[in-house]
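The lines below spell out each chain.
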Amino acid sequence: IFQFIKSLIYLKQKKNYTVISSDPIACLFLSFCRIEFIRFVQAIDLILFKDRLPSFINSFYRYLYIKSLNQKIIFNSEFVKKELILIKS
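A brief structural summary. (Residues numbered from 1 in each chain as written. Predicted model: local features only at pLDDT ≥ 70, side-chain atom pairs only at ≥ 80, totals over all residues. Heavy atoms only, no water.)

**Comments concerning the sheet that holds strand 1 (residues 20–21)**
Rules: Whether two strands pair depends on DSSP finding at least two bridges between them. Counting from the N terminus, the helices are the DSSP runs of H or I reaching at least four residues and the strands are the DSSP runs of E reaching at least two.
Overall, parallel pairing links the three strands, which are arranged 1-2-3 in an open sheet. Since the sheet does not close on itself, it has two edges, and those belong to strand 1 and strand 3 (72–75), each with one partner. Alignment of strand 2 (residues 38–41) against strand 3, held across four bridges, turns out to be parallel. The residue of strand 3 that forms the bridge with Val41 is Phe75.

The following block contains the structure:
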């Protein structure tokens, strides 16, 4: 955790960079810290929307995940793009 916080502080200080992140939780932290990034969405992200957790936790996670998609997005396939458009709407 200390290394992650140290990395966030470093990114906040730098201005000439592009951060690309595929981790949904890291994207949430980047959003909350107001660090601009490009979100790389992979097919494995769709597995996270399966109801494997209690419904309240799953609903909350979906909400946070969708909020993390407010930056620029790169999809790894058209299938993933179409599926996330359905989930987001």
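Once the structure has been displayed, the description carries forward.
**Examining unusual backbone geometry**
This is how it is decided: Relative accessibility under 20% of the residue-type maximum defines a buried residue, over 50% an exposed one, and the middle range a partly exposed one, all with a 1.4 Å probe and only protein chains included.
The backbone phi angle of Arg34 is positive, close to 60°, even though this residue is not glycine. Here Arg34 lies in the loop between helix 2 (24–32) and strand 2. On the basis of relative accessible area, Arg34 is assigned to the exposed category, the value being 71%.

**A few points about the packing of helix 1 (residues 2–13) against helix 2**
Each pair of packed helices can be summarised by the angle the axes make with each other and by the distance between the axes. The condition that has to hold: All axes are obtained by fitting lines to C-alpha atoms, using only the stretch in contact for helices, and the reported angles, taken between N-to-C directions, cover 0 to 180 degrees. Roughly parallel refers to an angle under 35 degrees, roughly antiparallel to one over 145, roughly perpendicular to one between 65 and 115, and oblique to any angle outside these ranges. Helix crossings are classified by the rotation of the near helix relative to the far one: an anticlockwise turn of less than a right angle makes the crossing left-handed, while a clockwise turn makes it right-handed. Here a residue-residue contact requires only that any non-hydrogen atoms of the pair lie within 4.5 Å.
Orientation of helix 1 relative to helix 2, taken along the N-to-C sense of each, is 45°, at an axis distance of 11 Å. Here helix 1 lies oblique to helix 2, going by the angle between them. The handedness of the crossing between helix 1 and helix 2 comes out as right-handed. For the pair formed by helix 1 and helix 2, the contact residues are Phe4, Leu8 and Leu11 on the first element and Ala26, Phe29 and Leu30 on the second.

**As for the pairing of strand 2**
For clarity, the threshold we go by: A right-handed crossover is one whose linking path, passing over the helix from the first strand to the second, runs clockwise when the strands point away from the viewer.
Strand direction decides the pairing type here: strand 1 and strand 2, joined by two bridges, are parallel. Residue pairing for strand 2: Ser21 is matched across the bridge by Arg39. At this point the chain moves from strand 1, through helix 2, to the parallel strand 2, and the crossover so formed is right-handed.

**Things to note about a nonpolar patch on the surface**
We count it as follows: Exposure above 30% relative accessible area and no salt bridge define the residues that can form patches, which grow by joining like charges within 9 Å and nonpolar side chains of Val, Leu, Ile, Met, Phe, Trp and Tyr within 5 Å. Here the open area of atoms and residues is found with the Shrake-Rupley method and a 1.4 Å probe, where only the protein chains shown may cover a residue. Within this document, salt bridges are pairs made up of a side-chain nitrogen of Lys or Arg and a carboxyl oxygen of Asp or Glu, the two lying within 4 Å of each other.
Among the surface-exposed residues, Phe4, Ile5, Ile9, Ile25 and Phe29 lie close enough to one another that they form a single nonpolar patch of about 430 Å² accessible area. Ranked by the residues each element gives to the nonpolar patch, the list is headed by helix 1, at three residues.

**Remarks on the environment of Ile25**
Position of Ile25 relative to the elements: it lies in helix 2. Sequence-wise, Ile25 and Tyr61 are 36 residues apart; in three dimensions their C-alpha atoms are separated by 9.5 Å.

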